Amino acid sequence: MTELQMKENTPPQNVAEVATVLHRALPYIKRFSGKTIVIKYGGNAMTDETLKQGFARDIVLLKLVGINPIVVHGGGPQIGGLLDRLQIKSHFVNGMRVTDAETMDVVEMVLGGLVNKGIVSLINSAGGSAVGLTGKDAGFIKARKLEVLSASPDMQKPEIIDIGHVGEVVSINTGIISMLTQSNYIPVIAPIGVGQNGESYNINADIVAGKIAEVLKAEKLILLTNIAGLLDKSGTLLTGLSRAEVQALIADGTIHGGMLPKIECALSAVEHGVNTAHIIDGRVPNATLLEILTDEGVGTLISG
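Predicted model, so just to flag it, every value in this text is computed and none were measured. (Residues numbered from 1 in each chain as written. Predicted model: local features only at pLDDT ≥ 70, side-chain atom pairs only at ≥ 80, totals over all residues. Heavy atoms only, no water.)

Next up on the list: the pattern of salt bridges. Following the criterion strictly, the structure yields 9 salt bridges and no others. Where Glu168 meets Arg144, a salt bridge forms, and the shortest distance between an N and an O atom there is 2.9 Å. Residue Glu168 is found in strand 9 (residues 167-172), and its partner Arg144 is found in strand 6 (residues 141-145); the two are separated by 24 residues along the sequence. Take Glu168: its relative accessible area is 28%, and that puts it in the partly exposed class. (Salt bridge = Lys/Arg side-chain N within 4 Å of Asp/Glu carboxyl O. Helix = DSSP H or I, 4+ residues; strand = E, 2+ residues; numbered from the N terminus. Buried < 20%, exposed > 50% of the residue type's maximum accessible area, 1.4 Å probe, protein only.)

In structure tokens, the structure reads:
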């Protein structure tokens, strides 16, 4: 064999790197094959076109290697954008959108229609078989009105604030998810619940993802965010945390503000049978795959 022929038979460097990456991922593929992973999809990963395409490919790849991904999505910016175009003013209480009947109609159109079907289409275009649904389909997510309390020094007891059609999860019917995953479909879920009398409720997507992970006893709950993960007071990324360590960080004020609801959702999940919860940076390309199939990951891992 001549030197030229030898060079022609030598794999290019980038091809060799692909093989190395696949070999490194193999133990994780074996470990998580057949397991369920619930992924809350939102933030920049949901609005940047390149990240959207990459997310869809990641989900399809997970399904092809035997993992069962379940996607729960938000859509706050999209809802806000349509309300602005319709000249419907948005009001917020404790970070939650006050949802009157008119606003709820918009929420259902955006979450159950535009956003949900857009994600389904992306996954199907990437080679998957996704099915979109809301909590109203087959009574999948039963909900009730969320009560928001406002404490005042002048009051003997807290005042209940009415924020409209904002709900909390009462129960989840796992049958419809099991039917889809066993038939090789990828569920894509909009966080809309149904009340006792058929009324619609807008529910926080992190909470819906966490509750679904809990009732399914999922291997992982992954929350995609617009930050690197949980940071200490010096800005260093924290990971590999236990429940006790997270509670200590809440007590000393390291975890505060908008991160608290996500952390509480993650803690609830690991306390109710989910093996690990992850808060990861959705701005990183292929963040979902990197967190699941590599040693390093791209965010904060919390274990029970």
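On to the nonpolar core, then. Core analysis: the biggest nonpolar cluster contains 43 residues, and Ile39, Tyr41, Ile59 and Ile123 have the highest contact counts within it. Listed by contribution, the elements that provide at least two residues to this core are helix 2 (13-32), strand 1 (36-41), helix 3 (49-64), helix 4 (76-85), helix 5 (101-125), strand 10 (186-190), strand 13 (220-225) and helix 10 (287-293). With 10 residues, helix 5 is the largest single contributor of residues to this core. Not counting residues up to four positions away in its chain, the partners in contact with Tyr41 are Met46, Lys52, Phe55, Val71, Val72, His73, Gly74, Ile119 and Leu224. Counting residues in hydrophobic clusters, the runner-up holds 40 residues, among them Ile172, Leu223, Ala266 and Ala277. (Core = buried A, V, L, I, M, F, W, Y, C linked by side-chain atoms within 4.5 Å. Contact = heavy atoms within 4.5 Å.)

With that out of the way, let us pick up the environment of Glu245. Residue position: Glu245 is located in helix 8 (residues 243-251). A sequence separation of 57 residues divides Glu245 from Ile302, and the C-alpha atoms of the two residues are 9.3 Å apart. Among the polar contacts made by the side chain of Glu245, one reaches the main-chain amide nitrogen of Ser242 at a distance of 2.8 Å. (Polar contact = N/O pair within 3.5 Å; in protein donor to acceptor, adjacent residues only side chain to side chain.)

Following both chains from N to C, one finds helix 7 (residues 205-216) and helix 9 (residues 259-271) inclined at 5°, their axes separated by 9 Å at the closest point. In terms of orientation, helix 7 lies roughly parallel with respect to helix 9. Of the residues in helix 9, those touching helix 7 at Asp206, Ile207, Gly210, Lys211 and Glu214 are Lys262, Cys265, Ser268 and Ala269. The residue inventory of the contact of helix 7 with helix 9, partitioned by class, reads 3 nonpolar, 2 polar and 4 charged. (Axes fitted to C-alpha atoms, helices over the stretch in contact; angles between N-to-C directions. Parallel < 35°, antiparallel > 145°, perpendicular 65-115°, else oblique. Nonpolar A, V, L, I, M, F, W, Y, C, P; charged D, E, K, R; others polar.)

Attention now moves to the layout of surface pockets. Taken as a whole, the largest pocket holds about 1300 Å³ of empty space. Lining the largest pocket are 42 residues, and of these Lys40, Gly95, Asn204, Ala205 and Asp206 sit closest to its centre. Secondary-structure elements contributing two or more residues to the lining of the largest pocket are helix 4, strand 4 (96-97), strand 9, helix 7, strand 13 and helix 9. Class assignment of the residues belonging to the lining of the largest pocket gives a composition of 17 nonpolar, 17 polar and 8 charged. Roughly 360 Å³ of volume is contained in the second largest pocket. Residue lining of the second largest pocket: 14 residues in total, with Val21, Ala25, Leu289, Leu293 and Thr294 positioned closest to the centre. (1 Å grid on protein atoms, 1.4 Å probe; cavity = no way out; pocket = protein on both sides within 12 Å on 5 of 7 lines; lining within 4 Å. Points joined across faces, edges and corners; volume = space filled by probe spheres on them.)

Next up on the list: the environment of Glu147. Among the structural elements, Glu147 can be located in the loop between strand 6 and strand 7 (148-150). Residue Glu147 is classed as exposed on the basis of its relative accessible area of 54%.

All right, on to the UniProt feature "site: Transition state stabilizer" (unreviewed entry) in the chain then. Feature annotation in UniProt assigns "site: Transition state stabilizer" (unreviewed entry) to the following positions: Lys40 and Lys262. A maximum C-alpha distance of 10.8 Å among these annotated residues, which run over 223 residues, shows that they cluster at one spot. Lining residues of the largest pocket, restricted to the annotated ones just named, are Lys40 and Lys262. As for its placement among the helices and strands, Lys40 is situated in strand 1. Looking at Lys262, the relative accessible area reads 15%, which means it is buried. (UniProt positions renumbered as here; feature names shortened; annotations may be inferred.)

All right, on to the side chain of Thr254 then. With respect to the element layout, Thr254 can be found in the loop between helix 8 and helix 9. On the basis of relative accessibility, which here comes to 11%, the residue Thr254 falls in the buried class. Polar side-chain contacts of Thr254 include one of 2.7 Å to the side chain of Asp252.

Next up on the list: the sheet that holds strand 1. The 8 strands are arranged 5-10-2-1-13-15-16-14 in an open sheet whose pairing can be described as mixed. Single-partner strands in this sheet number two, and they are strand 5 (130-134) and strand 14 (241-242). Examined bridge by bridge, strand 5 and strand 10 share 5 bridges and lie parallel to one another. Of the residues in strand 10, the one forming a bridge with Gly132 is Val188. (Pairing = 2+ DSSP bridges.)

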